[in-house]
Amino acid sequence: MEEGKMDENEWSYHGEGNKSLVVAHAQRCVVLRFLKFPPNKKKTSEEILQHLQNIVDFGKNVMKDFLGENYVHCGEVVQLPLEFVKQLCLKIQCERPESRCDKDLDTLSGYAMCLPNLTRLQTFPFAEHRPILCVEIKPKCGFIPFSNGVTHEMKHKVCRYCMHQHLKVATGKWKKISKYCPLDLYSGNKQRMHFALKSLLQEAQNNLRIFKNGELIYGCADARSPVADLKALAHHLKPFFFPSNGLASGPQCTRAVIRELVHVITRVLLSTSDKGRAGALRLGLQGARVCEASPFSRSLHHQGKNTPEHSGLPKGCLLYKTLQVQMLDQLDIEGLYPLYNRVEQYLEEFPEERKTLQIDGPYDEVFYQKLLDLSTEDDGTVAFALTKVQQYRVAMTAKDCSIMIALSPCLRGASSDQRPVIPSSRSRLAFSVSVLDLDLKPYESIPHQYKLDSKIVSYYSKTVHAKDDTVRSTRFKEHEDCTLVLHKGCEENKPGKKHQNV
Ligand SMILES: O=P(O)(O)O[C@@H]1[C@@H](OP(=O)(O)O)[C@H](OP(=O)(O)O)[C@H](O)[C@H](OP(=O)(O)O)[C@H]1OP(=O)(O)O
Ligand SMILES: Nc1ncnc2c1ncn2[C@@H]1O[C@H](COP(=O)(O)OP(=O)(O)OP(=O)(O)O)[C@@H](O)[C@H]1O
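This one's a predicted model, so the numbers in the text were calculated from it and none came from an experiment.

Chemist: Explain the nonpolar core to me, please; I cannot follow it from the model alone.
Modeler: Grouped burial of nonpolar side chains is what soluble globular proteins tend to show. Within the largest apolar cluster, 101 residues are counted, with the highest numbers of intra-cluster contacts made by Phe-66, Leu-201, Phe-241 and Leu-407. In terms of residues, this core owes the most to one element, helix α7 (residues 251-270), which gives 10 residues.

Chemist: Teacher, can you tell me more about the site of ligand 1 here?
Modeler: Within the structure, ligand 1 sits among 14 residues, and Arg-100, Lys-173, Asp-400, Lys-441 and Gln-449 are positioned closest to it. Note that an oxygen atom of ligand 1 is positioned 3.0 Å from one of the side-chain N or O atoms of Lys-140. Contact between ligand 1 and Lys-168: an oxygen atom at 2.7 Å from a side-chain N or O atom of the residue. Expressed as a share of its isolated accessible area of 600 Å², the protein-covered part of ligand 1 is 83%. Elements that contribute at least two residues to the shell around ligand 1 include exactly α3 (160-170) and α13 (446-464). By residue number, the principal contributor to the shell around ligand 1 is α3, which donates 3 residues. When its residues are assigned to classes, the shell around ligand 1 shows 1 nonpolar, 4 polar and 9 charged.

Chemist: Can you walk me through empty space enclosed by the protein in this structure?
Modeler: Here the idea is plain: a probe the size of a water molecule rolls over the atoms and shows the empty space left. Scanning the model with the defined rule gives 6 cavities of 30 Å³ or more in all. Quantified by volume, the second largest cavity comes out at close to 80 Å³. Of all the secondary-structure elements, those providing two or more residues to the lining of the second largest cavity are α11 (365-371) and α12 (382-399). Here the residues of the lining of the second largest cavity are counted per class, giving 4 nonpolar, 3 polar and 1 charged.

Chemist: What should I look at first to understand the pairing of strand β1 (residues 11-16) in this one?
Modeler: Within a regular strand, side chains alternate between the sheet's two faces. Most of β1 sits inside the fold, with 5 of its 6 residues counted as buried. Across 5 bridges, the pairing between β1 and strand β2 (residues 20-25) is antiparallel. In the sheet register, Gly-15 faces β2, and the bridge partner there is Val-22. Between β1 and β2, which pair antiparallel in sequence order, lie 3 residues.

Chemist: Could you clarify how one ought to interpret the packing of α3 against α13 in this entry?
Modeler: Interaxial distance between α3 and α13 falls to 9 Å at its minimum, and their mutual angle equals 80°. The pairing of α3 with α13 is recorded here as roughly perpendicular in orientation. Here Arg-160, Cys-162, Met-163, His-164, His-166, Leu-167 and Ala-170 of α3 come into contact with α13, specifically with Gln-449, Leu-452, Lys-455, Ile-456, Val-457, Tyr-459, Tyr-460 and Val-464. Grouping the amino acids of the contact of α3 with α13 by side-chain chemistry returns 10 nonpolar, 3 polar and 2 charged.

Chemist: Help me understand helix α1 (residues 45-67), please; the structure alone is not making it clear to me.
Modeler: With 23 residues, α1 should cover 33 Å at 1.5 Å per step; its first-to-last C-alpha distance of 31 Å lies within 8% of that length. The largest bend in α1 amounts to roughly 35° and is located at Gly-59. Within the span of α1, buried status applies to Ile-48, Leu-52, Asn-54, Ile-55, Val-56, Phe-58, Gly-59, Val-62, Met-63, Lys-64, Phe-66 and Leu-67.

Chemist: Sorry if this is basic, but what is going on with the packing of aromatic side chains here?
Modeler: Each aromatic ring pair is characterised by the separation of its centres together with the angle its planes make. Under the definition given, this model contains 12 aromatic pairs. Relative to Tyr-180, the ring of Tyr-161 lies with its centre 5.2 Å away and its plane at 85°, an arrangement referred to as edge-to-face. Taken together, the residues span a long stretch of sequence, with Tyr-161 in helix α3 and Tyr-180 in the loop between α3 and α4 (182-185) at a distance of 19 residues. Judged on exposure class, the residue Tyr-161 and its partner Tyr-180 are both buried. Between Phe-240 and Phe-241 the ring centres are 6.4 Å apart and the planes differ by 45°, which places this aromatic pair in the tilted class. Both residues of the pair, Phe-240 and Phe-241, count as buried.

Chemist: Just to check I follow, could you spell out the packing of helix α6 (residues 230-237) against α7 for this structure?
Modeler: Helix packing geometry: the angle between the two helix axes and the distance between the axes. Across the interface, α6 lies against α7 with an axial gap of 9 Å and an inter-helix angle of 70°. The orientation of α6 with respect to α7, classified from their angle, is roughly perpendicular. Like other packed secondary-structure pairs, α6 and α7 cross with a definite hand, here left-handed. Contacts between α6 and α7 involve Leu-230, Lys-231, Leu-233, Ala-234 and Leu-237 from the first element and Thr-254, Val-257, Ile-258 and Leu-261 from the second. Tallied by class, residues from the contact of α6 with α7 come to 7 nonpolar, 1 polar and 1 charged.

Chemist: Which parts of the structure should I look at to understand the environment of Leu-133?
Modeler: Assignment of secondary structure puts Leu-133 in strand β7 (residues 133-137). For Leu-133, a relative accessible area of 0% translates into the label buried. A C-alpha to C-alpha distance of 33 Å links Leu-133 and Leu-328, two positions 195 residues apart in sequence. Sequence-distant contacts of Leu-133, that is, excluding residues within four places in its chain, are made with Ile-210, Phe-211, Ile-217, Leu-237, Phe-240, Phe-241, Leu-261, Ile-405, Ala-406 and Leu-407.

Chemist: Mind showing me how you'd approach the confidence of the model for the chain here?
Modeler: Atom-level detail of predicted coordinates should not be read off regions where pLDDT is low. Scored by pLDDT, the chain comes out at a mean of 87, with 82% of its residues at no less than 70. ipTM for the predicted complex: 0.98, alongside a pTM of 0.91.

Chemist: I would appreciate a short explanation of the pattern of salt bridges in the present structure.
Modeler: Oppositely charged side chains may form a pair once their charged atoms are brought near each other. This structure, assessed with the given rule, holds 19 salt bridges. Among the salt bridges present, the one from Arg-96 reaches Glu-16, with a minimum N-O distance of 2.9 Å. Taken together, the positions of Arg-96 in the loop between α2 (82-92) and β5 (104-105) and Glu-16 in strand β1 put the pair 80 residues apart, joining distant regions of the chain. We note that Arg-96, like Glu-16, is buried. Where Asp-439 meets Arg-33, a salt bridge forms, and the shortest distance between an N and an O atom there is 2.9 Å. Placement of Asp-439 in the loop between β12 (428-436) and α13 and of Arg-33 in strand β3 (residues 30-37) is noted, with a sequence separation of 406 residues between them. When sorted by exposure, Asp-439 lands in the same class as Arg-33, which is buried. Ionic contacts of the salt-bridge type, sharing partners, join the residues Lys-138, Lys-140, Asp-400 and Lys-441 into one network.

Conventions we followed
Residues numbered from 1 in each chain as written. Chains lettered and ligands numbered in written order. Predicted model: local features only at pLDDT ≥ 70, side-chain atom pairs only at ≥ 80, totals over all residues. Heavy atoms only, no water. Core = buried A, V, L, I, M, F, W, Y, C linked by side-chain atoms within 4.5 Å. Buried < 20%, exposed > 50% of the residue type's maximum accessible area, 1.4 Å probe, protein only. Helix = DSSP H or I, 4+ residues; strand = E, 2+ residues; numbered from the N terminus. Near = heavy atom within 4 Å. Polar contact = N/O pair within 3.5 Å; in protein donor to acceptor, adjacent residues only side chain to side chain. Areas by Shrake-Rupley, 256 points an atom, 1.4 Å probe, with all protein chains shown as cover. Nonpolar A, V, L, I, M, F, W, Y, C, P; charged D, E, K, R; others polar. 1 Å grid on protein atoms, 1.4 Å probe; cavity = no way out; pocket = protein on both sides within 12 Å on 5 of 7 lines; lining within 4 Å. Points joined across faces, edges and corners; volume = space filled by probe spheres on them. Pairing = 2+ DSSP bridges. Axes fitted to C-alpha atoms, helices over the stretch in contact; angles between N-to-C directions. Parallel < 35°, antiparallel > 145°, perpendicular 65-115°, else oblique. Contact = heavy atoms within 4.5 Å. Expected span 1.5 Å × (residues − 1). Bend = angle between axes of the 7 residues up to and from the residue. Phe/Tyr/Trp six-rings, centres within 6.5 Å; stacked < 30°, edge-to-face > 60°. Left-handed = near helix turned anticlockwise from the far one by under 90°. pLDDT = per-residue confidence, 0-100. Salt bridge = Lys/Arg side-chain N within 4 Å of Asp/Glu carboxyl O.

See below:
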C-alpha cells in the first residue's frame, strides 16, 4: 500500500463490530481495520500501535497454529496520513449504524490494520471479476461446559447461546428468539447443520451476513434495520444456484435456491481444505452433545425419535479446529474465576510482574507454548492459575470469531485454479474459508464474564425454565416440523429500539 497517496474516495464503509471499523478499497482486494474507543477513553498512539501489533502477533504465533495456516489472515499494521484518516472518518460517518456510534473511530494515531478483503475470494491483492458470494457466520460457543466447577445444573443441559437469547430479547437487543443452536452447527450431522443454517437465515441477528461482490445483501448492518428478505436473497443467489426443481420463480423456487445455499455451505464447512491437518490441540469432546433448548432436538424428542447421532466433525475442518480452541476453556468461568483472583492478588502484591506474566503480550512463541499445557491438577501456584486464565482468554476469542466463506462459479471448461471446488446445481463453485476477529480477549474482561454468566443463567432459570410450557409456545411449537418457514419481510425482525435493563 502506498501510504503517501491515500485517497479517501477510493475507500468505502464496509462494516463494524463493537471494537473495530472496517473500510474496503473499491478496486483492490484489501480492507483497513481501525480500532474504536468510547469518546472518553482515548489511547496514546504508542498504545494503539502496541495493541494492533499484539493482534497481528497473536494471529501469527497462536491462531495460525491452532486453526491452520490457510484459514488465518493476520494482515499488517500500517501507518496512514492523518489527513486521510480524518477525511475518511467524516466521509463514512453517515453510513455508520446508530447503534454502533457509542464508540469513535481512532483518528489520532494514524495506525490501522491492512487485511485481505475476505468477502472476495483469496485473489489478494486484486479483485475478481466473477460474481462472488460471501457468507459470514459468527457461530459462537459450540459445546456445553463439562467442568465440575459448574454450579448451575442448567449449564450442563442448555448451551450458553440458547440461554443468552432470552436475556437478549428481554433487554431489547433482538426482537425474536432464534432457533439457531451452535451445537447443531458443530454436530457434524448434516441434518442438524442444515437446520442450524436455516435458523440463521430466518433470524440472522449478528450471527449471519451475506455479501455479493463485497456488498451486504442479507443480515444486519444495523441491529435496528436488518435486511432479511429471503425472496430478494433467492433472487441474488440465482447466478450461483439454479433451482434443481427447474422452477425459475415463485416460492418453491425461493425455497429450492435457499436449500441449495444451505447444502453448499454445509459441504464447505465440512471440507478439510487445510491439508486435513488436525491442528495443535487434541481435546476430546466432553459434556452433553445436544442442547436441550435446541428446537431440533426438542422436535425429535417430541416425535419419540432420538436425536441423530452426533456424526462428529472431520478433524481438518475449520469448525473442528475452532471448537478445539473453544474447549481450552476447560474449567468454565465458574471454575476459572477463583484462579483469576489468585493472579489478581499476586499482581496487587507484585504489580511489576505484569510484564513477566505476559498479561498484555508479547504474544510470542513462549506465550503459545504455555497454552499447550492442558493439565487440570491445581498445584496452588500462580503459574497454574495464569495458564488457565490465558487459555480461557484464547477460548473466549474462538467463541466470538467469525467464519467467512467466499464462493464463486468456476469458468466453464477452466481448470480449478488451485482453489478447492464444490459442485452445485448450476456450476462448480470455487471457495475459500477464512476466520476473522481473532483479537485476544482482554484479561480485564474476566470479572464481566463472570457476572454476565450468572445473569444469563439466573434469567433463564427463573423466567424461562420455570415456565417451560410458555417457552415451547414462544420459541418453538412442538408440532412444527423442522423445516424452513419463509417469512414476509424484514419488518417482523426489527428489534426494539432501546436495550432495557432486566
Ligand atoms: O459475551 P457475548 O457472548 O454476548 O459476546 C459479545 C458479542 O455479543 P453477541 O453475543 O455475539 O451478540 C459482541 O457482539 P456485538 O457487539 O453485540 O455485535 C462482541 O463481539 C463482544 O466482544 P467484544 O467485547 O467486543 O470483544 C462479545 O463479548 P465477549 O464475551 O466475546 O467478550
Ligand atoms: N478482512 C476482512 N474482510 C472483509 N470484511 C471484514 C474483514 N474484517 C472484518 N470484516 C467485516 O467487518 C465486520 C466487523 O469486523 P470485526 O468483527 O473484526 O469487528 P469487531 O469490532 O472486532 O467485532 P466484535 O463486535 O466481535 O468485537 C465483520 O463482521 C465483517 O463483516
